[in-house]
Amino acid sequence: MSSISSESARRRVGILVFDGVKMLDFVGPAEVFVEANQAVDGYEVVLLSADGRDVQTSIGARVAVGGAAAEAGRFDTVVIPGSELPASVFVTPEVLAAARHLSAHTRRLVSICSGTAVLAELGLLDGRRVTTHWKYAPDLARKFPAVEVEPDAIFVRDGNLYSSAGVAAGVDLALALVEEDHGADVARRAAQLLVVYMQRAGGQSQFSASLTGPLPRSPLVRTVVDLICANPAFPHTVQTLAAHAQVSVRHLTRLFRSELEHSPAEYVAFIRFGVARDMLHAGCSVTEAAMAAGFGNSEALRRAFIARLGISPRKYQQRFRTTGSAKWPALPEPAIAAVS
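Residues numbered from 1 in each chain as written. Predicted model: local features only at pLDDT ≥ 70, side-chain atom pairs only at ≥ 80, totals over all residues. Heavy atoms only, no water.

## Quick notes on the nonpolar core
Condition: In this text, buried Ala, Val, Leu, Ile, Met, Phe, Trp, Tyr and Cys residues form a nonpolar core when linked through side-chain atoms within 4.5 Å. The buried label goes to any residue with under 20% of its type's maximum accessible area, the exposed label to any with over 50%, and the partly exposed label to all in between, with areas taken from a 1.4 Å probe on protein chains only. Helix and strand assignments come from DSSP, with helices taken as H or I runs of at least 4 residues and strands as E runs of at least 2, each series counted from the N terminus. Working rule for contacts: check all heavy atoms of both residues, and any pair within 4.5 Å makes them a contact.
Counting residues in each nonpolar core, the largest one holds 67 residues, and the members touching the most others are Leu16, Ile80, Val118 and Val178. Here the element with the most residues in this core is helix α6 (residues 169–182); it accounts for eight residues. Not counting residues within four places of it along the chain, the set of residues in contact with Leu16 comprises Leu48, Ser49, Ala50, Ala69, Val79, Ile80, Pro81, Val95, Ala98, Ala99 and Leu102. Formed by 16 residues, the second largest nonpolar core is a distinct cluster that contains Leu280, Cys284, Ala300 and Ile311.

Here is the structure:
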């Protein structure tokens, strides 16, 4: 495959693994960097453990590593993945010592999912903005009040500290890092090779619109909800939805209000708004977001945003970009100070 870029220096990416590590937390980001090498010879990925021994992952597979963290030298990027195990189990003194050493020998420090627990124990997150998997966010915020936890973001950057929500969000963050290093073309090529979306913005919610409200209880309502979510741009009406479900308009409306606390029309509008908002987060134009979400035109989307949020979609997008989703500037070289 022809190279998009002629970068000469490979960036070393060290990934700390340990017994019980969530497999996808480290394999997903690692594969992004490896796939990026098909476009530019830009990364050397090294798996490390605290003592240099193999580890057993969350699915029971044993994984060989390239060596012990303390003997691995300097890295451009260090990744600390998480685990399904409680932090009290996987955040061992050995893992903390390894992470402390690595954090002092890298330009860029990354946590995936509950990997934030490791960095928080070292004091590296005090006064910093981070995210983690939504189910771990309350405990992280409660145990470490000096940490500014953003529980609903996919990934967050604060200086040379990066954090992502669980599992698949690590892929989104890794793609953003590749784009930061080598540009959008290389990141897009990696996403294409992995057949993943390019790319969910960091501030985008961890939850799709269809997951943030009450869930349908009956198969009939679930069928209609699936139809709406699968094609929000279709000109759904309560009549067409009732016909799809083979029930009366009155009966469908009653079920929606009972199970979802909205009428069918309100639910369609709710889903469309969520789709349009996420597309704005991803950098789409107002017109593109309006058409894809089923608003028909940008003016209809503008009215919806003003009604719900009090600002236009363009101002919303500008405000969002000022909070960290815009292209990240180049980072300084000093490493993150480790806690002794």
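Having put the structure on the table, let's press on.
## Section: the side chain of Ser218
Worth spelling out the cut-off: Two N or O atoms form a polar contact when they lie within 3.5 Å of each other; inside protein one atom must be a possible hydrogen donor and the other a possible acceptor, and for residues adjacent in sequence the pair counts only when both atoms belong to side chains.
Of note, Ser218 is situated in the loop between α7 (184–194) and α8 (219–230). Among the polar contacts made by the side chain of Ser218, one reaches the side chain of Glu259 at a distance of 2.8 Å.

## What to know about the sheet that holds strand β1 (residues 11–16)
Filter applied, for reference: By the convention used here, strands pair only if DSSP detects at least 2 bridges between them. Here the axes come from fitting lines to C-alpha atoms, over the contacting stretch only for helices, and the angles between their N-to-C directions go from 0 to 180 degrees.
Taking strand neighbours across the sheet as the criterion, the seven strands line up as β5-β2-β1-β6-β7-β11-β10 in an open arrangement whose pairing is mixed. For this open sheet the edge positions go to β5 (67–68) and β10 (155–158), each flanked by a neighbour on one side alone. Helix α1 (residues 23–36) rests against β1, β2 (43–49) and β7 (106–112) of the sheet, and its axis sits at about 155 degrees to β2. Strands β1, β2, β6 (75–80) and β7 of the sheet are contacted by helix α3 (residues 93–103), whose axis makes an angle of about 165 degrees with β1.

## Considerations on the packing of helix α9 (residues 238–245) against helix α10 (residues 249–260)
We apply this condition: Angular relationships are summarised with four words: roughly parallel below 35 degrees, roughly antiparallel beyond 145, roughly perpendicular across 65 to 115, and oblique for the angles in between. Residue classes follow a fixed rule: Ala, Val, Leu, Ile, Met, Phe, Trp, Tyr, Cys and Pro count as nonpolar, while Asp, Glu, Lys and Arg count as charged, and any other residue, Gly among them, counts as polar.
Relative to each other, α9 and α10 sit at 95 degrees, their axes nearing to 9 Å. Between α9 and α10, the interaxial angle falls into the category roughly perpendicular. Across the interface between the two elements, Val238, Gln239, Leu241 and Ala242 of α9 pack against Val249, Leu252 and Thr253 of α10. Partitioned by chemical class, the residues of the contact of α9 with α10 number five nonpolar, two polar and no charged.

## A short note on α6
Selection rule: For a helix, the expected span equals 1.5 Å multiplied by the number of residues minus one.
Here α6 spans 20 Å end to end across 14 residues, near enough to the 20 Å set by a 1.5 Å rise per residue. Burial runs high along α6: 13 of the 14 residues are buried. Among the residues trailing α6, Gly183 stands out with phi positive, at a value near 95 degrees.

## Things to note about the packing of helix α11 (residues 264–281) against helix α12 (residues 286–293)
Let me state the cut-off plainly: For any pair of crossing helices, the crossing counts as left-handed if the nearer helix is rotated counterclockwise from the farther one by less than a right angle, and right-handed if it is rotated clockwise.
Contact geometry of α11 with α12 gives a least axis separation of 9 Å together with a crossing angle of 150 degrees. The orientation of α11 relative to α12 falls into the category roughly antiparallel. The element α11 and its partner α12 pack so that their crossing is right-handed. The residues of α12 that touch α11, namely those facing Arg272, Val275, Ala276, Met279 and Leu280, are Val286, Glu288, Ala289, Ala292 and Ala293. Considered class by class, the residues forming the contact of α11 with α12 number eight nonpolar, no polar and two charged.

## Details of unusual backbone geometry
Peptide bonds are trans in most cases, and residues, glycine excluded, mostly fall at negative phi. Positive phi outside glycine occurs at Gln246, with the angle close to 60 degrees. Considering the arrangement of structural elements, one finds Gln246 in the loop between α9 and α10. Despite not being glycine, Glu261 shows a phi value in the positive range, around 65 degrees. Here Glu261 lies in the loop between α10 and α11.

In short, shape yes, function no, at least from these values alone.
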